[in-house]
Number of protein chains: 4
Amino acid sequence: MGKLRVGMIGGGGPGSFFGMVHHRALSLDASRQLVAGALRSEPQAAMAAAEEWGITGYPDYEAMLADCQSGKLQLDYVTVVTPNYAHYAPAKAFLQAGIPVLCEKPMTMTVAEAEDLAAVAKAGDVPFILAHTYTGHPMMMLAKAMVAQGDLGQIRKVEAWYNQGWLATALEGEGNQQAGWRTDPARTGISNCGGDIGTHAFVAATWVTGLSIRRVSARLNTFVEGRVLDDDFNVIGEMDDGATAIITATQIAIGYKNDSGIRVFGTKGSLEWYQERAESLLVRRGVCDETYWIGAGASFFPDSIAAYLRVPAGHHEDFFPALANLHQSLEWSIRKRRNENVPSPFAHPGVDEGVAGMRFVAAAVESSGKEGAWTAV
Amino acid sequence: MGKLRVGMIGGGGPGSFFGMVHHRALSLDASRQLVAGALRSEPQAAMAAAEEWGITGYPDYEAMLADCQSGKLQLDYVTVVTPNYAHYAPAKAFLQAGIPVLCEKPMTMTVAEAEDLAAVAKAGDVPFILAHTYTGHPMMMLAKAMVAQGDLGQIRKVEAWYNQGWLATALEGEGNQQAGWRTDPARTGISNCGGDIGTHAFVAATWVTGLSIRRVSARLNTFVEGRVLDDDFNVIGEMDDGATAIITATQIAIGYKNDSGIRVFGTKGSLEWYQERAESLLVRRGVCDETYWIGAGASFFPDSIAAYLRVPAGHHEDFFPALANLHQSLEWSIRKRRNENVPSPFAHPGVDEGVAGMRFVAAAVESSGKEGAWTAV
Amino acid sequence: MGKLRVGMIGGGGPGSFFGMVHHRALSLDASRQLVAGALRSEPQAAMAAAEEWGITGYPDYEAMLADCQSGKLQLDYVTVVTPNYAHYAPAKAFLQAGIPVLCEKPMTMTVAEAEDLAAVAKAGDVPFILAHTYTGHPMMMLAKAMVAQGDLGQIRKVEAWYNQGWLATALEGEGNQQAGWRTDPARTGISNCGGDIGTHAFVAATWVTGLSIRRVSARLNTFVEGRVLDDDFNVIGEMDDGATAIITATQIAIGYKNDSGIRVFGTKGSLEWYQERAESLLVRRGVCDETYWIGAGASFFPDSIAAYLRVPAGHHEDFFPALANLHQSLEWSIRKRRNENVPSPFAHPGVDEGVAGMRFVAAAVESSGKEGAWTAV
Amino acid sequence: MGKLRVGMIGGGGPGSFFGMVHHRALSLDASRQLVAGALRSEPQAAMAAAEEWGITGYPDYEAMLADCQSGKLQLDYVTVVTPNYAHYAPAKAFLQAGIPVLCEKPMTMTVAEAEDLAAVAKAGDVPFILAHTYTGHPMMMLAKAMVAQGDLGQIRKVEAWYNQGWLATALEGEGNQQAGWRTDPARTGISNCGGDIGTHAFVAATWVTGLSIRRVSARLNTFVEGRVLDDDFNVIGEMDDGATAIITATQIAIGYKNDSGIRVFGTKGSLEWYQERAESLLVRRGVCDETYWIGAGASFFPDSIAAYLRVPAGHHEDFFPALANLHQSLEWSIRKRRNENVPSPFAHPGVDEGVAGMRFVAAAVESSGKEGAWTAV
């Protein structure tokens, strides 16, 4: 089993933090390597960025794809790390060519794009992973596994949240690039806070429980003067089987970095997880709480999760291993199709979660505009 | 300064846990003593309970009040520990006689009763404290003090919650007394979860910030079959000055005991407090979080709070001292009026908070019945 | 069962913090009341302090004892809250008169005094409790109960510690009273840090495990210039059954308040407890850690400990309840002898622990003076 | 700047966990790649392991070195991941050839070997890093930086510890390979617990404070029957400038995985760090504690440490990034010498720490054999 060969689209500029994050994550297991990239939108900058990383450079993704199709370049999958508005086109093009994709979230700009991308992936049966990094944490995977096997009984209520504080002032007016495109409808779509981090909370709520959100009542706020889109996002949702979801996200919580988490209450028990303490999962089923700790070691986990663990007991896997787990799942999907002997990939988010997330944000925006009227997702 | 003499109404039966809690709390400072009581609704049981505690017994509160008015009994204040439906009558009677009252929450059964009680207390200028015990925690008092002096700037958003799990099954059908009256509309009013613990979250949100909630959009659920009233309570509220409140309470979160807390986000900073870790207050105003700890000792606190502290640095004050602080505030109010030299009482909840809480629950019930339509409080 | 009548010796001055602490603790259960006291060494001050508290005053403990013996005053027990050098005489006098004693720690100034006091108590079979407050925490009681019933197997190693920082500078030269007597050999004995807080760690190690320390190798340091006695105390001890104890205490750990705790390692498991998080006990016997929390409620505890609990699940008992538990144990001992129907008192520290503590400190001082040579306790 | 080319010695077998750990860590930054290896002691197995990883294989390190010297293979550095007894020979050979080395700890089997290796490295001025992974945690680096710039004043006392439980029973008799060689004097040297994990605590104490330990009084225990070497290791040390060190390590603490940490007490403040919560550093300098959190983001750290950070604020760097930091330091040392523009490498442990660690363990073993007599290091 040689290393998988990976291409990257976007992610190469000095301001593009996440390209390097994916580069590190895909390198972590020494079973994948980055070999080519169309790393920036400006062709010359793209070539220079590739040279700096020592990989084959392309001026744009179309050129890279052309070389794949002509056989000059062999890629096992590509990872799309462009801004939101530039996910759809390259992801679709590579999927159409039968090349698997690991794509940053949110999947697209609009529901229509998302649905189209999903259709393409399904038509060609091409593996696709949506980079909801937090679902790569073994404790989130364990949470999903526990709910799936009925450990918590029937789910009654889910709370999921994401608190940040970096947009508590009008950073977009001070030349901050990240703040600039996120608060700009032209580049970010109909929702800032909801699309950027509300979708994380949405995925946490639905992916862990396996339940859909059917309709929503939402209250979006824009606290910072001069801003057009929401910087605060609050949704009450009706889920399958009579469950209720409370989903909140905010960007004005000063001092909060990435305070995301989930609480799930079922008829047999409850669980609780915090991204900033990702190594632990709190489960309550009786008088005493059960705190599961990744440091307990691989022997503690079910095989489906243990296959992903890398460190000895008493140590933590954290951010890079979590993201690497999504690449790992895609790698194992790809190798399975080649009949290589690899573990079963875990069900990390894919096109369905991408479509659902886009629909959820759209429904929340609509409901909030109608004084919180219940709106179908 | 002799000890204040205290009378108790209710609280004396074997199942009435909170009478003894107040007995302990009012005894903690050795400046107040319980001397008389009408401790149970059944006259003979009331007399027996008083004898067991070694205090002067009365068959009912009317008899105790009569002795006060005739001068046979001298009471500095009374504490009302009856079930919800029996707060109003004795509290009103003693207030009318000019005797201060410390009353269990929720203040009354209906908004009308609450408004009447408030009118009586104000007409006679009689001190009244509503026993929202958690406001007696020094860290909650510090939170209120910090917001009041502008440390967090203008408040934008408040989250307050109360998660319990003891009513996740139909305990009321198994002879559990506490579950019985709380889920019975005749004895508990229009809301179970909202009235019992939603009001704690409501008081936390409004008392700490000093902001009112003007209108609400609510979603109440009844998860346990056969139950009439809510066992899950979710409210989005519009506060003064454009702030938003997210208030949730539930009784179906298995394994959760008294997981109540508050998060406040302002234009200059944020704070966070958890009842089950009541000794700490998390404040965020810059890059690093500030964790204040009661063990830091009295010198850390502003004088208005330090006056309440009892233990040396490195130790915790917890539940009994918190409740004792409410008695302490009432005691100091009483002594101040006698021109005794005591510290200024802190602004613990009184009749205004009681009225506001009743109105809040009523509005939430109404909104939930109208599919979450925004309803004035 | 009327209230027990309690007398206090010492504890009344404005600087004497602990008198009020005991006053609060003994009042907490409403089954004991302070009725008399010889509260200060100076007779007039003693009378004034008693008047302020509204109790019967005495100019000295001898006068209070005389009234007890003549039948003019009835006391069920006395609590001794004087400085270390003034524990022995009153404790002995009351024990000789057959009156039970709850005495502050360390028990005496010298080993000889301690042994004498123990002999008197045993000769008369008079109940005596040594106020090692931390043993009153339910989680420490649970730790002792678990070890006693073999849950951890045979004990191999114990670590106990107590870190404080308040004596990191020469406070005794700045008029600080507490620092003054504690660093003065005439008033505190042969050891400052060891006697004051090393004994807490010693009691934790031996009381929880039920094992004695047979010989010690010690390293005492005096870090602050001008100080005669130790302000840092480190001992390796050989215990019964081949176990090793590591006992450290320091007063120069800046910022540490009362960071005391214990770790116990046995052949079947381990446990860990921290005074500043007294509500929890960490137990490790398998892959996952077990964290016991007092908030789990009385039903979680064995009956022998549940009898002491006062608050509903989800709340903490802390400092005052812990000290009150020692008074409770003494009360129940006293009532049992009167054939009243009370729970069995828990085995809180008494004269034996007092003697052992004095011997331990003496041996540590001797060993440290001999370059750490192993010295019998 | 192309990628550095790295060779590995040892680390390739199915039981050799740490080869893959180094492989991951050196790959994390995409600026180094593993290109060659003599991965196992048995030549054919060595070649097979290399083939599996897709790197150039060698039957033994001598052959790999020969190719380096002949110019057939270009290596920028090698990493030595063999068992303890096989560190010395290859490390020395590569250092003599002028090729930098990153070597697993403990550095050698004997003090003499350690001194020899240090002499060779210094004579040739060849970079050498000793893989004390925990010193790669940014919070440990911050601790060292704070002490160095005097934030804690003069250091008075240091506590460092390492608690494990995996050897609480005689695993070596059940065919456990790791337990086998660690408890075997022929393969592990004169100390098991002290050499394996006591050295981690030793490095923490001396590296963070910059103080040497001059002499020791030790108590080593062997709790598990049939074992020859220590499984419990307790040392009191005299440090430079009158400071005292308390260093403990144990392998019989059931349930403890890698509970290592350090407390430092100085004349101006204290600090505290725990490996299993490596993302935080507790500093105490005034009334309130300061908790530094890696999630505060790079802007919080001094430049010398910020240069090492990889994740956005609100996330953790943990085990792999910590080990990668040691590789990073070696990389930057190498590139600096080539006048490439890289940050200054942090002073991670090298040959001096390796020699000191070997001497420390030897002195502890000697002292323990002499009833704890103080022994020069």
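Residues numbered from 1 in each chain as written. Chains lettered and ligands numbered in written order. Predicted model: local features only at pLDDT ≥ 70, side-chain atom pairs only at ≥ 80, totals over all residues.

Draft legend 1. Local environment of the interface of chain A and chain C. Facing nine residues of chain A, the contacting portion of chain C comprises nine residues. Partitioned by chemical class, the residues of the side of chain A that touches chain C number six nonpolar, two polar and one charged. (Contact = placed C-beta atoms within 7 Å. Nonpolar A, V, L, I, M, F, W, Y, C, P; charged D, E, K, R; others polar.)

Draft legend 2. Spatial organisation of the sheet that holds strand S3 (residues 56-57) of chain C. Residue and element names in this part refer to chain C. Across the sheet, which stays open at both edges, the six strands sit in the order S3-S2-S1-S4-S5-S6 with parallel pairing between neighbours. Of all the strands in the sheet, the pair left with one neighbour each is S3 and strand S6 (128-130). Pairing of strand S1 (residues 4-9) with strand S2 (residues 32-38), which is carried by six bridges, proceeds in the parallel orientation. Along S2, the bridge assignment pairs isoleucine 9 with alanine 38. Strand contacts of helix H4 (residues 88-96): S1, strand S4 (77-80), strand S5 (101-103) and S6, with the helix running at about 165° to S5, the strand carrying the most contacts. (Pairing = 2+ DSSP bridges. Helix = DSSP H or I, 4+ residues; strand = E, 2+ residues; numbered from the N terminus. Axes fitted to C-alpha atoms, helices over the stretch in contact; angles between N-to-C directions.)

Draft legend 3. Summary view of the domain arrangement of chain A. All names here are of chain A. Domain parsing of chain A yields domain 1 (4-126) and domain 2 (137-314 + 355-369). If you average the C-alpha positions of domain 1 and of domain 2, the two centres end up 26 Å apart. Of the residues lining the interface, 14 residues belong to domain 1; the matching set on domain 2 comes to twelve residues. The class makeup of the residues in the side of domain 1 that touches domain 2 is eight nonpolar, four polar and two charged. (Domains from an automatic or database assignment.)

Draft legend 4. Molecular detail of the relation of the copies chain A and chain B. The two copies are related by a screw motion: chain A maps onto chain B through a turn of 180° and a shift of 0.0 Å along the axis, at an RMSD of 0.0 Å. Overall, the copies show the geometry of a two-fold rotation axis. The share of interface residues of chain A whose copies in chain B are also at the interface is 100%, consistent with both copies meeting through the same surface. (Least-squares fit on C-alpha atoms with pLDDT ≥ 70 in both.)

Draft legend 5. Highlighting the relation of the copies chain A and chain C. If you rotate chain A by 180° and push it 0.0 Å along the axis, it lands on chain C with an RMSD of 0.0 Å. A share of 100% of the interface residues of chain A reappears at the interface of chain C, consistent with the copies meeting face to face through the same patch.

Draft legend 6. Structural context of helix H2 (residues 43-53) of chain C. All names here are of chain C. Along H2, the residues that are buried comprise Ala46, Ala49, Ala50 and Trp53. Considered in projection along H2, the buried side chains sweep an arc of 100° and stay on one side of the axis. Within H2, the exposed residues directed more than 90 degrees away from the buried face are Gln44, Glu51 and Glu52. The inward-facing, buried residues of H2 contact S2 and S3. Count one or two residues on from H2 and you reach glycine 54, which has phi positive near 75°. (Buried ≥ 20, exposed ≤ 12 C-beta atoms within 10 Å, placed from the backbone. Arc of directions from axis to C-beta.)

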